[in-house]
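Take a look at the letters that make up each chain.
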Amino acid sequence: MVANSESDMLSFDHKEGEQAVIRGRFAPTPSGLMHVGNIWAALLAWLQTRSAGGQFVLRMEDIDKPRCRPALAQQALDDLRWLGLNWDEGPDIGGPYGPYTQSERGAMYEEALRKLQQSGRLYPCFCSRAELLAVASAPHGLSEEGPVYNGTCRCLTAEEQEQRRANKEPSLRFQINDDQAVAFIDGAAGFKAFAPGAGGDFVIRRADGIISYQLAVVVDDAAMKITDVLRGYDLLDSTPRQLMLYEALGLPAPRFAHVPLLMGEDGKRLAKRHGDTSIAGLRAAGVSAERIIGWLAHIAGQQPTFNPLSARELAAGFNLDRVPKEPIVIDEASMRRLFGS
Ligand code: GLU
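Just so it is clear, the model here is predicted, and its values are computed rather than measured. Every chain begins its residue count from 1, and numbering advances along the sequence as written. Note on the predicted model: pLDDT of at least 70 is required for a residue's local features to be given, and 80 or more for side-chain atom pairs to be given and counted; whole-chain, interface and lining totals, by contrast, use all residues. Just so you know, side-chain values use all the structure's heavy atoms and leave hydrogens and water out.

Novice: I tried to follow the packing of helix H7 (residues 213-223) against helix H8 (residues 239-249) on my own but got confused; where do I start?
Specialist: Helix-helix packing: each pair is described by the crossing angle between the helix axes and the interaxial distance. Following both chains from N to C, one finds H7 and H8 inclined at 60°, their axes separated by 9 Å at the closest point. With respect to H8, the axis of H7 lies oblique. Considering only the axes of H7 and H8, their crossing is right-handed. On the side of H7, the interface is formed by Tyr 213, Gln 214, Leu 215, Val 217, Val 218, Asp 221 and Ala 222, while H8 contributes Arg 241, Gln 242, Leu 245, Tyr 246 and Leu 249. Split by residue class, the contact of H7 with H8 holds 8 nonpolar, 2 polar and 2 charged. To define axes, lines are fitted to C-alpha atoms, for helices over the stretch in contact only, and angles between the resulting N-to-C directions are given on a 0 to 180 degree scale. In this description a helix means any DSSP run of H or I spanning at least four residues, a strand means any run of E spanning at least two, and both kinds are numbered starting from the N terminus. Should an angle fall under 35 degrees it is taken as roughly parallel, and over 145 as roughly antiparallel, whereas 65 to 115 is taken as roughly perpendicular and any remaining angle as oblique. Note on convention: the crossing is left-handed when the near helix lies turned anticlockwise from the far helix by less than a right angle, right-handed when the turn is clockwise. Contacts were defined at the residue level, with two residues in contact if any of their heavy atoms lie within 4.5 Å. Polar here means any residue outside two lists: the nonpolar Ala, Val, Leu, Ile, Met, Phe, Trp, Tyr, Cys and Pro, and the charged Asp, Glu, Lys and Arg; Gly therefore counts as polar.

Here it is, written out as C-alpha coordinates:
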(Lines give C-alpha, C1' and ligand atoms only; values in the text may rest on other atoms or scores of the structure.)
Protein backbone atom coordinates (compact mmCIF):
# COMPACT_ATOMS: atom_id res chain seq x y z
CA MET A 1 0.00 0.00 0.00
CA VAL A 2 1.28 3.44 -0.81
CA ALA A 3 -0.14 6.48 0.92
CA ASN A 4 0.98 9.64 -0.74
CA SER A 5 0.17 12.54 1.53
CA GLU A 6 2.99 14.93 0.73
CA SER A 7 0.89 16.94 -1.66
CA ASP A 8 -2.63 17.84 -0.58
CA MET A 9 -4.00 14.55 -1.84
CA LEU A 10 -4.14 11.49 0.36
CA SER A 11 -4.13 8.79 -2.28
CA PHE A 12 -4.01 5.06 -1.87
CA ASP A 13 -2.67 2.57 -4.30
CA HIS A 14 -1.81 -1.06 -3.72
CA LYS A 15 0.99 -2.78 -5.55
CA GLU A 16 0.15 -6.23 -6.89
CA GLY A 17 1.41 -9.08 -4.76
CA GLU A 18 2.30 -6.88 -1.78
CA GLN A 19 0.82 -9.43 0.58
CA ALA A 20 0.54 -12.98 -0.65
CA VAL A 21 -2.40 -14.14 1.45
CA ILE A 22 -5.72 -12.40 0.95
CA ARG A 23 -7.67 -11.78 4.17
CA GLY A 24 -11.30 -10.76 3.86
CA ARG A 25 -13.95 -10.26 6.49
CA PHE A 26 -17.61 -9.88 7.27
CA ALA A 27 -18.46 -7.61 10.20
CA PRO A 28 -22.16 -7.68 11.08
CA THR A 29 -23.79 -5.53 13.75
CA PRO A 30 -26.08 -7.78 15.85
CA SER A 31 -28.88 -5.24 16.18
CA GLY A 32 -31.30 -7.05 13.87
CA LEU A 33 -31.79 -10.35 12.06
CA MET A 34 -29.57 -11.16 9.09
CA HIS A 35 -31.49 -10.71 5.85
CA VAL A 36 -30.70 -11.14 2.18
CA GLY A 37 -29.34 -7.56 2.03
CA ASN A 38 -26.61 -8.31 4.60
CA ILE A 39 -25.98 -11.75 3.19
CA TRP A 40 -25.49 -10.24 -0.26
CA ALA A 41 -22.41 -8.38 1.04
CA ALA A 42 -21.32 -11.34 3.16
CA LEU A 43 -21.50 -13.73 0.20
CA LEU A 44 -19.55 -11.43 -2.11
CA ALA A 45 -16.86 -10.80 0.52
CA TRP A 46 -16.65 -14.55 1.18
CA LEU A 47 -16.43 -15.36 -2.54
CA GLN A 48 -13.78 -12.71 -3.14
CA THR A 49 -11.66 -14.24 -0.37
CA ARG A 50 -12.29 -17.91 -1.08
CA SER A 51 -11.82 -17.57 -4.84
CA ALA A 52 -8.32 -16.24 -4.08
CA GLY A 53 -7.60 -19.05 -1.61
CA GLY A 54 -7.61 -16.51 1.23
CA GLN A 55 -8.61 -16.47 4.88
CA PHE A 56 -11.99 -15.23 6.00
CA VAL A 57 -12.59 -13.46 9.29
CA LEU A 58 -15.88 -12.95 11.07
CA ARG A 59 -16.08 -10.01 13.47
CA MET A 60 -19.05 -9.08 15.62
CA GLU A 61 -19.51 -5.30 15.66
CA ASP A 62 -21.42 -4.88 18.92
CA ILE A 63 -19.60 -1.77 20.06
CA ASP A 64 -22.87 0.12 20.48
CA LYS A 65 -23.95 -2.29 23.21
CA PRO A 66 -27.38 -0.82 23.96
CA ARG A 67 -28.44 -1.52 20.36
CA CYS A 68 -27.05 -5.05 20.16
CA ARG A 69 -28.33 -8.39 21.45
CA PRO A 70 -26.20 -11.47 22.20
CA ALA A 71 -29.01 -13.68 20.86
CA LEU A 72 -28.84 -11.88 17.52
CA ALA A 73 -25.07 -12.39 17.39
CA GLN A 74 -25.58 -16.11 17.94
CA GLN A 75 -28.33 -16.15 15.31
CA ALA A 76 -26.00 -14.43 12.83
CA LEU A 77 -23.38 -17.16 13.34
CA ASP A 78 -26.03 -19.86 12.86
CA ASP A 79 -27.40 -18.21 9.71
CA LEU A 80 -23.97 -17.79 8.12
CA ARG A 81 -22.96 -21.34 8.92
CA TRP A 82 -26.25 -22.70 7.58
CA LEU A 83 -25.62 -20.79 4.35
CA GLY A 84 -22.16 -22.37 4.04
CA LEU A 85 -20.28 -19.08 4.55
CA ASN A 86 -17.61 -20.42 6.88
CA TRP A 87 -14.79 -18.52 8.55
CA ASP A 88 -11.25 -19.27 9.66
CA GLU A 89 -11.26 -16.89 12.61
CA GLY A 90 -14.20 -15.55 14.52
CA PRO A 91 -15.93 -14.95 17.86
CA ASP A 92 -16.79 -18.60 18.41
CA ILE A 93 -13.53 -20.22 17.24
CA GLY A 94 -10.98 -17.52 18.09
CA GLY A 95 -7.79 -17.00 16.10
CA PRO A 96 -4.46 -15.18 16.32
CA TYR A 97 -5.92 -11.65 16.28
CA GLY A 98 -8.80 -12.06 18.70
CA PRO A 99 -10.99 -11.34 20.43
CA TYR A 100 -13.33 -11.06 17.41
CA THR A 101 -16.11 -9.27 19.27
CA GLN A 102 -15.79 -5.50 19.44
CA SER A 103 -17.21 -5.15 22.95
CA GLU A 104 -14.16 -7.14 24.15
CA ARG A 105 -11.60 -4.98 22.33
CA GLY A 106 -11.90 -1.76 24.35
CA ALA A 107 -8.23 -1.65 25.37
CA MET A 108 -7.14 -1.55 21.72
CA TYR A 109 -9.47 1.35 20.92
CA GLU A 110 -8.22 3.24 23.98
CA GLU A 111 -4.64 2.75 22.82
CA ALA A 112 -5.51 4.18 19.39
CA LEU A 113 -7.29 7.09 21.05
CA ARG A 114 -4.18 7.85 23.08
CA LYS A 115 -2.06 7.85 19.92
CA LEU A 116 -4.39 10.27 18.17
CA GLN A 117 -4.53 12.46 21.23
CA GLN A 118 -0.74 12.57 21.50
CA SER A 119 -0.44 13.65 17.90
CA GLY A 120 -2.87 16.51 18.56
CA ARG A 121 -5.58 15.25 16.22
CA LEU A 122 -8.43 15.12 18.77
CA TYR A 123 -10.39 17.85 20.50
CA PRO A 124 -13.34 17.83 22.89
CA CYS A 125 -16.65 18.83 21.38
CA PHE A 126 -19.54 20.12 23.46
CA CYS A 127 -22.12 20.36 20.70
CA SER A 128 -25.58 18.84 21.05
CA ARG A 129 -25.91 15.18 21.87
CA ALA A 130 -28.64 14.45 19.34
CA GLU A 131 -26.26 15.09 16.47
CA LEU A 132 -23.53 13.00 18.03
CA LEU A 133 -25.72 10.00 18.71
CA ALA A 134 -25.91 9.25 15.04
CA VAL A 135 -22.24 8.44 14.84
CA ALA A 136 -21.62 5.07 16.46
CA SER A 137 -25.06 3.68 15.86
CA ALA A 138 -25.39 4.49 12.19
CA PRO A 139 -22.25 3.80 10.21
CA HIS A 140 -23.96 4.84 7.04
CA GLY A 141 -21.67 7.37 5.55
CA LEU A 142 -21.23 11.08 5.42
CA SER A 143 -24.60 11.94 4.00
CA GLU A 144 -26.47 10.03 6.70
CA GLU A 145 -24.38 11.35 9.54
CA GLY A 146 -25.94 14.76 9.37
CA PRO A 147 -24.49 18.02 8.13
CA VAL A 148 -20.76 18.64 7.95
CA TYR A 149 -19.50 19.68 11.37
CA ASN A 150 -18.93 23.41 11.34
CA GLY A 151 -15.94 23.32 13.66
CA THR A 152 -17.53 25.21 16.57
CA CYS A 153 -15.40 23.47 19.18
CA ARG A 154 -12.20 23.20 17.13
CA CYS A 155 -10.64 26.38 18.40
CA LEU A 156 -11.75 26.54 22.02
CA THR A 157 -9.03 27.67 24.40
CA ALA A 158 -8.00 25.36 27.23
CA GLU A 159 -9.88 27.66 29.56
CA GLU A 160 -13.08 27.52 27.54
CA GLN A 161 -12.81 23.74 27.42
CA GLU A 162 -12.47 23.59 31.20
CA GLN A 163 -15.50 25.83 31.71
CA ARG A 164 -17.67 23.72 29.42
CA ARG A 165 -16.46 20.48 30.91
CA ALA A 166 -18.02 21.54 34.19
CA ASN A 167 -21.49 21.32 32.62
CA LYS A 168 -21.17 18.66 29.99
CA GLU A 169 -19.17 15.58 29.13
CA PRO A 170 -17.66 16.23 25.69
CA SER A 171 -17.34 13.90 22.73
CA LEU A 172 -13.97 13.68 20.99
CA ARG A 173 -13.59 14.76 17.40
CA PHE A 174 -10.89 13.94 14.89
CA GLN A 175 -9.52 17.01 13.21
CA ILE A 176 -9.25 16.40 9.51
CA ASN A 177 -6.77 18.11 7.23
CA ASP A 178 -8.91 20.78 5.53
CA ASP A 179 -6.66 21.01 2.51
CA GLN A 180 -6.39 17.33 1.74
CA ALA A 181 -8.48 15.47 -0.81
CA VAL A 182 -8.76 11.69 -0.44
CA ALA A 183 -8.65 9.32 -3.39
CA PHE A 184 -8.56 5.57 -3.82
CA ILE A 185 -9.33 2.88 -6.35
CA ASP A 186 -12.43 0.99 -5.36
CA GLY A 187 -12.34 -2.64 -6.49
CA ALA A 188 -16.00 -2.52 -7.49
CA ALA A 189 -16.88 1.15 -7.97
CA GLY A 190 -13.67 2.36 -9.65
CA PHE A 191 -11.72 5.56 -8.93
CA LYS A 192 -13.20 7.58 -6.07
CA ALA A 193 -12.11 11.02 -4.99
CA PHE A 194 -13.42 13.12 -2.12
CA ALA A 195 -12.89 16.87 -2.03
CA PRO A 196 -10.86 18.46 0.78
CA GLY A 197 -12.89 18.81 3.95
CA ALA A 198 -15.52 16.27 2.88
CA GLY A 199 -17.60 15.37 5.91
CA GLY A 200 -15.71 17.68 8.27
CA ASP A 201 -14.24 16.75 11.65
CA PHE A 202 -15.89 13.59 12.89
CA VAL A 203 -16.62 11.99 16.24
CA ILE A 204 -14.20 9.35 17.47
CA ARG A 205 -15.69 8.85 20.93
CA ARG A 206 -19.21 9.79 21.88
CA ALA A 207 -19.96 11.79 25.01
CA ASP A 208 -21.31 8.58 26.58
CA GLY A 209 -17.90 6.97 26.10
CA ILE A 210 -18.80 4.73 23.17
CA ILE A 211 -16.05 4.51 20.56
CA SER A 212 -17.23 5.40 17.07
CA TYR A 213 -17.65 2.86 14.32
CA GLN A 214 -14.99 4.68 12.26
CA LEU A 215 -12.23 4.18 14.79
CA ALA A 216 -13.20 0.66 15.85
CA VAL A 217 -13.37 -0.62 12.29
CA VAL A 218 -9.94 0.82 11.41
CA VAL A 219 -8.26 -0.51 14.55
CA ASP A 220 -9.82 -3.93 13.99
CA ASP A 221 -9.21 -4.30 10.27
CA ALA A 222 -5.58 -3.30 10.78
CA ALA A 223 -5.06 -5.54 13.84
CA MET A 224 -6.71 -8.48 12.06
CA LYS A 225 -4.48 -7.91 9.01
CA ILE A 226 -7.43 -7.58 6.66
CA THR A 227 -6.21 -6.99 3.10
CA ASP A 228 -9.61 -6.62 1.40
CA VAL A 229 -12.74 -4.95 2.69
CA LEU A 230 -15.80 -5.67 0.56
CA ARG A 231 -19.02 -4.10 1.86
CA GLY A 232 -22.18 -2.29 0.80
CA TYR A 233 -22.18 0.98 -1.11
CA ASP A 234 -23.84 2.68 1.86
CA LEU A 235 -20.45 2.64 3.56
CA LEU A 236 -18.52 4.21 0.69
CA ASP A 237 -18.70 7.63 2.33
CA SER A 238 -17.10 6.26 5.49
CA THR A 239 -14.03 5.15 3.60
CA PRO A 240 -12.27 8.55 3.28
CA ARG A 241 -12.65 8.99 7.03
CA GLN A 242 -11.23 5.57 7.64
CA LEU A 243 -8.33 6.25 5.28
CA MET A 244 -7.53 9.42 7.21
CA LEU A 245 -7.45 7.38 10.41
CA TYR A 246 -5.15 4.77 8.86
CA GLU A 247 -2.79 7.54 7.95
CA ALA A 248 -2.99 9.29 11.32
CA LEU A 249 -2.35 6.00 13.15
CA GLY A 250 0.43 4.96 10.80
CA LEU A 251 -1.41 1.76 9.85
CA PRO A 252 -1.53 0.11 6.42
CA ALA A 253 -4.93 0.47 4.75
CA PRO A 254 -6.67 -2.47 3.07
CA ARG A 255 -8.11 -2.44 -0.46
CA PHE A 256 -11.77 -1.48 -0.59
CA ALA A 257 -14.66 -2.61 -2.77
CA HIS A 258 -18.18 -1.24 -2.31
CA VAL A 259 -20.95 -3.24 -3.94
CA PRO A 260 -24.37 -1.83 -4.88
CA LEU A 261 -27.28 -2.28 -2.49
CA LEU A 262 -30.38 -4.41 -3.05
CA MET A 263 -33.45 -2.20 -3.42
CA GLY A 264 -37.21 -2.67 -3.45
CA GLU A 265 -39.31 -1.56 -6.42
CA ASP A 266 -39.98 1.70 -4.55
CA GLY A 267 -36.28 2.56 -4.86
CA LYS A 268 -35.73 2.10 -1.12
CA ARG A 269 -33.22 -0.25 0.42
CA LEU A 270 -34.62 -3.78 0.78
CA ALA A 271 -36.30 -3.98 4.19
CA LYS A 272 -39.10 -5.66 6.09
CA ARG A 273 -41.80 -3.75 4.22
CA HIS A 274 -40.72 -5.54 1.04
CA GLY A 275 -41.33 -8.95 2.66
CA ASP A 276 -39.64 -11.01 5.35
CA THR A 277 -36.27 -11.71 3.79
CA SER A 278 -34.56 -12.53 7.09
CA ILE A 279 -32.52 -15.70 6.82
CA ALA A 280 -34.31 -17.13 9.86
CA GLY A 281 -37.69 -16.34 8.23
CA LEU A 282 -36.72 -17.84 4.87
CA ARG A 283 -35.40 -20.93 6.59
CA ALA A 284 -38.60 -21.30 8.60
CA ALA A 285 -40.59 -20.94 5.35
CA GLY A 286 -38.70 -23.94 3.94
CA VAL A 287 -36.40 -22.03 1.55
CA SER A 288 -33.09 -23.89 1.25
CA ALA A 289 -29.64 -22.36 1.72
CA GLU A 290 -28.80 -23.32 -1.88
CA ARG A 291 -31.83 -21.46 -3.13
CA ILE A 292 -30.79 -18.25 -1.33
CA ILE A 293 -27.18 -18.56 -2.52
CA GLY A 294 -28.23 -19.37 -6.11
CA TRP A 295 -30.64 -16.43 -6.14
CA LEU A 296 -27.94 -14.02 -4.92
CA ALA A 297 -25.38 -15.48 -7.34
CA HIS A 298 -27.71 -14.87 -10.26
CA ILE A 299 -28.33 -11.26 -9.17
CA ALA A 300 -24.57 -10.85 -8.74
CA GLY A 301 -23.97 -11.78 -12.37
CA GLN A 302 -22.17 -14.98 -11.40
CA GLN A 303 -24.75 -17.36 -12.90
CA PRO A 304 -26.56 -16.79 -16.22
CA THR A 305 -29.72 -18.42 -14.89
CA PHE A 306 -31.19 -18.97 -11.47
CA ASN A 307 -30.17 -22.34 -10.07
CA PRO A 308 -29.91 -23.39 -6.45
CA LEU A 309 -26.28 -24.13 -5.58
CA SER A 310 -23.81 -23.96 -2.72
CA ALA A 311 -21.46 -21.09 -1.94
CA ARG A 312 -18.52 -23.47 -2.32
CA GLU A 313 -19.54 -24.36 -5.89
CA LEU A 314 -19.48 -20.67 -6.78
CA ALA A 315 -16.08 -19.78 -5.40
CA ALA A 316 -13.88 -21.07 -8.22
CA GLY A 317 -15.53 -19.00 -10.93
CA PHE A 318 -16.11 -15.81 -8.95
CA ASN A 319 -15.51 -12.57 -10.82
CA LEU A 320 -16.10 -9.25 -9.06
CA ASP A 321 -16.23 -7.44 -12.42
CA ARG A 322 -19.50 -9.19 -13.24
CA VAL A 323 -21.29 -7.74 -10.19
CA PRO A 324 -23.60 -4.92 -11.40
CA LYS A 325 -22.41 -1.39 -10.68
CA GLU A 326 -25.83 0.18 -10.12
CA PRO A 327 -28.30 -0.42 -7.27
CA ILE A 328 -30.15 -3.68 -7.91
CA VAL A 329 -33.94 -3.55 -7.89
CA ILE A 330 -35.61 -6.71 -6.65
CA ASP A 331 -38.99 -6.84 -8.37
CA GLU A 332 -41.92 -9.02 -7.42
CA ALA A 333 -41.03 -11.77 -9.88
CA SER A 334 -37.51 -11.97 -8.48
CA MET A 335 -38.87 -12.05 -4.94
CA ARG A 336 -41.20 -14.92 -5.91
CA ARG A 337 -38.24 -16.83 -7.34
CA LEU A 338 -36.49 -16.53 -4.00
CA PHE A 339 -39.46 -18.01 -2.15
CA GLY A 340 -40.04 -20.62 -4.87
CA SER A 341 -43.65 -19.60 -5.23
N1 GLU B 1 -20.88 -3.33 11.11
C2 GLU B 1 -21.19 -2.58 9.95
C3 GLU B 1 -22.63 -2.83 9.54
O4 GLU B 1 -23.19 -3.84 9.92
C5 GLU B 1 -20.33 -2.93 8.75
C6 GLU B 1 -18.98 -2.41 8.89
C7 GLU B 1 -18.07 -2.59 7.71
O8 GLU B 1 -18.29 -3.51 6.89
O9 GLU B 1 -17.14 -1.83 7.61
O10 GLU B 1 -23.19 -2.00 8.84
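Novice: Looking at this model, I keep getting lost on the packing of aromatic side chains. Mind explaining?
Specialist: The relation between two aromatic rings is expressed through the spacing of the ring centres and the mutual angle of the planes. Working definition: a ring pair exists when centres of Phe, Tyr or Trp rings (six-membered ring for Trp) sit within 6.5 Å. Plane angles under 30 degrees give stacked, over 60 give edge-to-face, the rest tilted. One pass over the structure, following the stated rule, counts 3 aromatic pairs. Where Phe 174 meets Phe 202, the ring centres are 5.3 Å apart and the plane angle is 45°; that geometry is what we call tilted. Of this pair, Phe 174 sits in strand S6 (residues 171-174) while Phe 202 sits in strand S9 (residues 202-205), placing them 28 residues apart in sequence. On the basis of an interplanar angle of 65° and a centroid distance of 6.2 Å, the ring pair of Phe 184 and Phe 256 is categorised as edge-to-face. Here the residue Phe 184 occupies a position in strand S7 (residues 181-186), and Phe 256 occupies one in strand S11 (residues 255-259), the gap between them amounting to 72 residues. Throughout this description, buried means an accessible area under 20% of the type-specific maximum (1.4 Å probe, protein chains only), exposed means over 50%, and partly exposed covers the range between. Residue Phe 184 is classed as buried on the basis of its relative accessible area of 3%. With relative accessibility at 4%, the residue Phe 256 sits in the buried group. Taking NZ or CZ as reference, Arg 173 lies 3.5 Å from the ring centre of Tyr 149, over its face. The rule is short: NZ of Lys or CZ of Arg within 6 Å of the ring centre and within 35 degrees of the ring normal puts a charge over the ring.

Novice: Please clarify how the sheet that holds S9 should be interpreted in this entry.
Specialist: Sheet strands pair by backbone hydrogen bonding; their relative direction is either parallel or antiparallel. The strand order across the open sheet built from 3 strands is S5-S6-S9, with neighbouring strands paired in antiparallel fashion. Of all strands in the sheet, those with a lone pairing partner are strand S5 (122-125) and S9, marking the two edges. Across this sheet, the average inter-strand angle for adjacent strands is 45°, counted without regard to direction. Contacting S6 and S9, H8 runs over the sheet at an angle of about 55° to S9. Here the rule is simple: two strands pair whenever DSSP picks up at least two bridges between them.

Novice: Hey, could you run me through the packing of helix H3 (residues 106-118) against H8 in this one?
Specialist: One can describe the packing of H3 onto H8 by two numbers: an axis separation of 10 Å at closest approach and a directional angle of 75°. Comparing their axes, H8 and H3 come out roughly perpendicular. Only Leu 245, Ala 248 and Leu 249 of H8 make contact with H3, whose side of the interface consists of Ala 112, Lys 115 and Leu 116.

Novice: I would appreciate a short explanation of the pattern of salt bridges in the present structure.
Specialist: For side chains of opposite charge, pairing can occur when their charged atoms come near one another. When a carboxyl oxygen of Asp or Glu is within 4 Å of a side-chain nitrogen of Lys or Arg, the pair counts as a salt bridge. Counted according to the given criterion, the structure contains 17 salt bridges. The salt bridge involving Asp 221 is made with Arg 25; its shortest N-O contact spans 2.9 Å. Within this pair, whereas Asp 221 is found in helix H7, its partner Arg 25 is found in strand S3 (residues 23-26), the two being separated by 196 residues in sequence. Between Arg 59 and Asp 221 there is a salt bridge, with its nearest N and O atoms 2.9 Å apart. Highlighted residues: Arg 59 in the loop between strand S4 (55-58) and helix H2 (70-82) and Asp 221 in helix H7, separated in sequence by 162 residues. Beyond isolated ion pairs, a larger network of salt bridges with shared partners links Arg 25, Arg 59, Glu 61, Arg 105, Asp 220 and Asp 221.

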